[in-house]
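Summary of the model geometry
Spelled out from the first residue to the last, the chains are:
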Amino acid sequence: MKTWTDRLDTGQPVIKQSPRTVGDVIEGQTMLVPTARQVDDYIRSIPEGVKLDVRALRTALAIENGAEVSCPVYMGYHLRTVAEAANEALQRGMPIEDVTPFWRVLDANTPTTKRLSFGADFVAKQRRREGLGD
């Protein structure tokens with residue numbers, strides 16, 4: 001079985017027409033289906049003490065890749081992959097400064113956070129440490 005870390009490097013990004021309207025994605029828009037690595041790399045570029053909500057992350061990745069929107073479903077999957085892979089790295093002894101700071105995007109109330117194997121307390125603690133709130 002693949003680890004979360006293994007899952008970071010699977011797949012290729014795809015830009016396609018959105019097949020239907022869902023949330024802020026309108027049918028026919030050019031939509032980026034990102035990879036977990038793209039999400040991880042972008043989150044690593046967010047400076048310490050700066051937070052970005054999921055919608056802003058989706059928009060930034062889309063624009064960076066020449067699309068109008070990013071797929072909200074795959075973004076949720078990949079945010080969990082990034083967070084769980086960071087947790088695996090911490091469990092292996094990697095210093096907190098070297099893991100992907102997913103807490104700059106996820107907060108205790110983000111639906112993805114509720115699915116994390118290690119819970120929301122860690123996310124809230126890291127956000128408080130960086131002055132991002134809970």
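The preceding data block contains the structure.
Description of the structure in this document.

**Looking at helix α3 (residues 54-64)**
Looking at α3, one finds that the buried residues are Leu57, Arg58, Leu61 and Ala62. Along α3, the residues classed as buried sweep out an arc of 130° about the axis, all on the same side. Those residues of α3 that are exposed and angled more than 90 degrees off the buried face are Arg55, Ile63 and Glu64. Near the N-terminus of α3, the side chain that reaches the backbone nitrogen of arginine 55, with its oxygen 3.2 Å away, is that of aspartate 53. Where α3 ends, the next residue or the one after it, glycine 66, has phi of about 75°, a positive value.

**Thoughts on the pairing of strand β2 (residues 30-33)**
The sheet contact formed by strand β1 (residues 14-17) and β2 spans 4 bridges and is antiparallel. Bridge pairing in β2 links isoleucine 15 to leucine 32. Bridge analysis of β2 against strand β3 (residues 69-70) gives 2 bridges, and the strand direction is parallel. Its bridge partner lying in β3, leucine 32 is registered against serine 70.

Rules behind the numbers
Residues numbered from 1 in each chain as written. Predicted model: local features only at pLDDT ≥ 70, side-chain atom pairs only at ≥ 80, totals over all residues. Heavy atoms only, no water. Buried < 20%, exposed > 50% of the residue type's maximum accessible area, 1.4 Å probe, protein only. Helix = DSSP H or I, 4+ residues; strand = E, 2+ residues; numbered from the N terminus. Arc of directions from axis to C-beta. Polar contact = N/O pair within 3.5 Å; in protein donor to acceptor, adjacent residues only side chain to side chain. Pairing = 2+ DSSP bridges.

Shape descriptors only; they carry no functional weight alone.
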